[in-house]
Amino acid sequence: MSDVILYSFRRCPYAMRARLALAASKVSCQLREVILRNKPQALLDASPKGTVPVVVLPDGQIIEESLDIMLWALTQQAAPAWLSAFSTTDQQAMLALIQENDSSFKQALDRYKYPQRHAEHDAIGAEAFAKEHRRQAAEWLQGLEQRLQRHRWLFGAEPSLADYAILPFVRQFAHTDKDWFAAQPWPALLAWLDDFLHSEIFQRVMHKYSAWEPEHTPVYFPPQA
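Notes on the structure follow. (Residues numbered from 1 in each chain as written. Predicted model: local features only at pLDDT ≥ 70, side-chain atom pairs only at ≥ 80, totals over all residues. Heavy atoms only, no water.)

Overview of the packing of helix 1 (residues 13-24) against helix 3 (residues 66-73)
- Look at helix 1 against helix 3: their axes get within 8 Å of each other, and the N-to-C directions meet at 5 degrees. Between helix 1 and helix 3, the interaxial angle falls into the category roughly parallel. Along the contact surface, helix 1 presents Tyr14, Arg17, Ala18, Ala21 and Leu22, while helix 3 presents Ser66, Leu67, Ile69, Met70, Trp72 and Ala73. (Axes fitted to C-alpha atoms, helices over the stretch in contact; angles between N-to-C directions. Helix = DSSP H or I, 4+ residues; strand = E, 2+ residues; numbered from the N terminus. Parallel < 35°, antiparallel > 145°, perpendicular 65-115°, else oblique. Contact = heavy atoms within 4.5 Å.)

What follows is the structure, given as structure tokens:
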């Protein structure tokens, strides 16, 4: 095996942010698109937890957390300055903000988007349950709005690891109820997300692929510009 292998699922925000870093760093991967309800045995052999993204390096090393994949990609020769252009203090703050996204915001997002999956909603009803978690998520997004009112990106005039690690989750939140989201008093956040959705890199990482089968001819990511 001489290729980097990437197991991915197009709409998963964790897989999306990994693809963003890999594409920006010009890391060529053999892409294996996964249907989560029918996970290939090769994915489970590489990572028994069975979630995406997963990267298998040519030496057999497995990277199975999306942020770790991003950080690995940013060590490659053509990596963008999503970390290196920022101070150590800012880098630490980025990782802390990403941790907030991955914990409290993601928990509220999941309960807003999929209230029927969480038994807690039975006491108050799914609609009220979803709205309460939307409110909790919105409080966190207001903090991003305040940051983005000061500068175009979360940590200044240039994009950072934090932007591309968090944007896929804000996209998922926005798509849950597009009309409600568009009506919120978050002009800077709305512009930040809109710029991302119309960016060249987003278009590149959102190509549609057929589900991978072992007998298929390898498909490479990122696609040629």
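Focus on the packing of aromatic side chains
- Under the counting rule described, the total for this entry stands at 13 aromatic pairs.
- Ring geometry for Phe181 and Trp186: centres 5.7 Å apart, planes at 65 degrees, overall edge-to-face. Neither Phe181 nor Trp186 differs from the other in exposure class; each is buried.
- Three or more aromatic residues joined by ring pairs make a cluster, and in this case those are Phe105, Tyr112, Trp140, Phe173, Trp180, Phe181 and Trp186.
- Of note, Arg117 hangs over the ring of Tyr114, and the distance from its end group to the ring centre comes to 3.7 Å.
- Above the plane of the ring of Phe155 lies Arg147, whose end atom (NZ or CZ) is 4.6 Å from the centre. (Phe/Tyr/Trp six-rings, centres within 6.5 Å; stacked < 30°, edge-to-face > 60°. Buried < 20%, exposed > 50% of the residue type's maximum accessible area, 1.4 Å probe, protein only. Lys NZ or Arg CZ within 6 Å of the ring centre and 35° of its normal.)

Looking at the pairing of strand 2 (residues 29-33)
- A large share of strand 2 lies buried, amounting to five of its five residues.
- Where burial is concerned, the two faces of strand 2 agree: the one with Cys29, Leu31 and Glu33 and the one with Gln30 and Arg32 are both buried.
- Bridge count for strand 1 (residues 4-8) against strand 2 is five bridges, and the pairing is parallel. Paired with Leu6 across the two strands is Leu31, which belongs to strand 2.
- Running through helix 1, the crossover from strand 1 to the neighbouring parallel element strand 2 is right-handed.
- Pairing of strand 2 with strand 5 (residues 219-221) involves three bridges; the strand directions are antiparallel. Considered in strand 5, the bridge of Gln30 is made with Tyr220. (Pairing = 2+ DSSP bridges. Right-handed = clockwise from strand over helix to strand, strands pointing away.)

With respect to the pattern of salt bridges
- Scanning the entire structure with this criterion turns up seven salt bridges.
- In this structure, the salt-bridge partner of Arg135 is Glu132, at a minimum N-O distance of 2.6 Å. Of the two residues, Arg135 and Glu132 are both situated in helix 5 (residues 126-150); the distance of three residues between them amounts to about one turn of the helix.
- Given the relative accessible area of 39%, Arg135 is considered partly exposed.
- Glu139 serves as the salt-bridge partner of Arg135, at 2.5 Å between the closest nitrogen and oxygen. Pair noted here: Arg135 and Glu139 are both in helix 5, with a separation of four residues, about one helical turn.
- According to the relative accessible area criterion, Glu139 is exposed, its value standing at 52%.
- A single salt-bridge network, built from bridges that share partners, covers Glu132, Arg135 and Glu139. (Salt bridge = Lys/Arg side-chain N within 4 Å of Asp/Glu carboxyl O.)

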